[in-house]
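Single-letter residue listing:
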Amino acid sequence: EDQVTQSPEALRLQEGESSSLNCSYTVSGLRGLFWYRQDPGKGPEFLFTLYSAGEEKEKERLKATLTKKESFLHITAPKPEDSATYLCAVWSGTASKLTFGTGTRLQVTL
Amino acid sequence: DAGVIQSPRHEVTEMGQEVTLRCKPISGHDYLFWYRQTMMRGLELLIYFNNNVPIDDSGMPEDRFSAKMPNASFSTLKIQPSEPRDSAVYFCASSFGGGSMGYTFGSGTRLTVV
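Numbering of residues starts from 1 in each chain and follows the order in which that chain's sequence is written. Throughout, the order in which chains and ligands are written sets their labels, letters from A for the former and numbers from 1 for the latter. For this predicted model, a pLDDT threshold of at least 70 governs which residues receive local features, and a threshold of 80 or more governs which side-chain atom pairs are given and counted, while totals over whole chains, interfaces and linings are taken from all residues. Only heavy atoms go into the side-chain values, all of them from the structure, while hydrogens and water stay out.

Looking at the nonpolar core
Put simply, the rule reads: Residue types Ala, Val, Leu, Ile, Met, Phe, Trp, Tyr and Cys, when buried and joined through side-chain atoms within 4.5 Å, form a set referred to as a nonpolar core. When a residue's accessible area, from a 1.4 Å probe over protein chains only, is under 20% of the maximum for its type it is buried; when over 50% it is exposed; and in between it is partly exposed. Each helix is a run of H or I in the DSSP string that is no shorter than four residues. Each strand is a run of E no shorter than two, and both are numbered from the N terminus. A contact between two residues is defined here by any heavy atoms of the two lying within 4.5 Å.
Counting 22 residues, the largest nonpolar core has Leu33, Trp35, Leu73 and Tyr86 of chain A as its most contacted members. Elements with a contribution of two residues or more to this core: strand 2 (10–14), strand 3 (19–26), strand 4 (30–38), strand 5 (45–50), strand 7 (62–66), strand 8 (70–75), strand 9 (84–92) and strand 11 (104–109) of chain A. Beyond its immediate chain neighbours, meaning those up to four positions away, Leu73 of chain A contacts Ser19, Ser20, Leu21, Trp35, Phe48, Leu62, Lys63, Ala64 and Tyr86 of chain A. Listed in part, the 21 residues of the second largest apolar core include Val19, Trp34, Phe65 and Ile79 of chain B.

Quick look at the side chain of Asp82 of chain A
Residue and element names in this part refer to chain A. Filter applied, for reference: Polar contacts, as used here, are pairs of N or O atoms within 3.5 Å; protein pairs need one atom able to donate a hydrogen and one able to accept it. Residues neighboring in sequence count only if both atoms are side-chain atoms.
In this structure, Asp82 sits in the loop between strand 8 and strand 9. Using a relative accessible area of 6% as the deciding quantity, one classes Asp82 as buried. Side chain to side chain, Asp82 and Arg61 meet in a polar contact 2.8 Å long. Sequence-distant contacts of Asp82, that is, excluding residues within four places in its chain, are made with Arg37, Arg61, Leu106 and Val108.

Some details on the sheet that holds strand 1 (residues 3–7) of chain A
The strands that make up a sheet are held in pairs by hydrogen bonds between backbone atoms, and each pair lies either parallel or antiparallel. Residue and element names in this part refer to chain A. This is how it is decided: When DSSP finds at least two bridges between two strands, those strands are taken to pair. Only the stretch in contact is used when fitting a helix axis, every axis being a line fitted to C-alpha atoms; angles between N-to-C directions are given from 0 to 180 degrees.
Across the sheet, which stays open at both edges, the 5 strands sit in the order 1-3-8-7-6 with antiparallel pairing between neighbours. A strand with exactly one partner marks an edge of an open sheet, and here the two such strands are strand 1 and strand 6 (56–59). Taking each pair of neighbouring strands and ignoring which way they run, the sheet shows an average axis angle of 15°. Alignment of strand 7 against strand 8, held across 5 bridges, turns out to be antiparallel. Paired with Ala64 across the strands is Leu73, a residue of strand 8.

Brief notes about the interface of chain B and chain A
Put simply, the rule is: Buried area adds together the accessible area that both of two parts lose upon being put together, with accessible area traced by a 1.4 Å probe. Any carboxyl oxygen of Asp or Glu that lies within 4 Å of a side-chain nitrogen of Lys or Arg is treated as forming a salt bridge with it. Side-chain classes follow a simple rule in which Ala, Val, Leu, Ile, Met, Phe, Trp, Tyr, Cys and Pro form the nonpolar group, Asp, Glu, Lys and Arg form the charged group, and the remainder, Gly included, forms the polar group.
Each partner contributes residues to the interface: chain B has 21 residues there, and chain A has 17 residues. Buried surface at the junction of chain B and chain A, both sides included, amounts to about 1500 Å², of which 55% is carbon and sulfur. For the interface between chain B and chain A, the tally reads 1 salt bridge. Note that Lys97 of chain A is salt-bridged to Asp56 of chain B, the shortest N-O span being 2.9 Å. Of all the secondary-structure elements, those providing two or more residues to the side of chain B that touches chain A are strand 4 (31–38) and strand 5 (42–50) of chain B. Among the residues making up the side of chain B that touches chain A, the classes are represented as 10 nonpolar, 8 polar and 3 charged.

Describing the environment of Ile79 of chain B
Residue and element names in this part refer to chain B. Relative to the helices and strands, Ile79 is located in strand 8 (residues 74–79). The exposure class of Ile79 is buried, given its relative accessible area of 0%. The contacts of Ile79, once residues within four sequence positions are left out, are Gln17, Glu18, Val19, Arg64, Phe65, Asp86, Tyr90 and Leu111.

Here's what the structure looks like:
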């Protein structure tokens, strides 16, 4: 059974204070790792897909990286509008479904 | 495109009542997923369909839960009878090509069973 663990559970940053979120996984045959952002009262919103170790993707202040055991979401000089819950999910094997971690709640203050 | 549309947004019902949640996927998407989200367990997959056919319902907690997809533009998740432990946010998501393209989620239905 696929397992996805995210850390920390919650993170509070000051505006401009860069940091990283971690997503470690145990799967049989990773086919893709996904990052989503979820705002309160809304559904998760797709950010990135990573397919192989060493791959990196960037979007504004966010950069996602992937190794054989984990993924990092780096947030550079965050702003208050980056406050949200960040979820990672894995796609593995032959099934067409994603297994999600429980997320990291990020709060960015002025 | 209006995205994935779920209704109702909020549902409050009494224990023992039947609850029906509705979902309209994005036109052209061939996969539809039902997830449940709670603080304790995060997002859990309940069931998913490919071309309107249920593929994996192993996440459906028990026989009180059922899901249908009568056509490509509509799906329902029914709970009968409902119990307080069913209280959660239920999300519908759709995709083209299954996991490879990621999912587009709806805004969810917040269910409260009292």
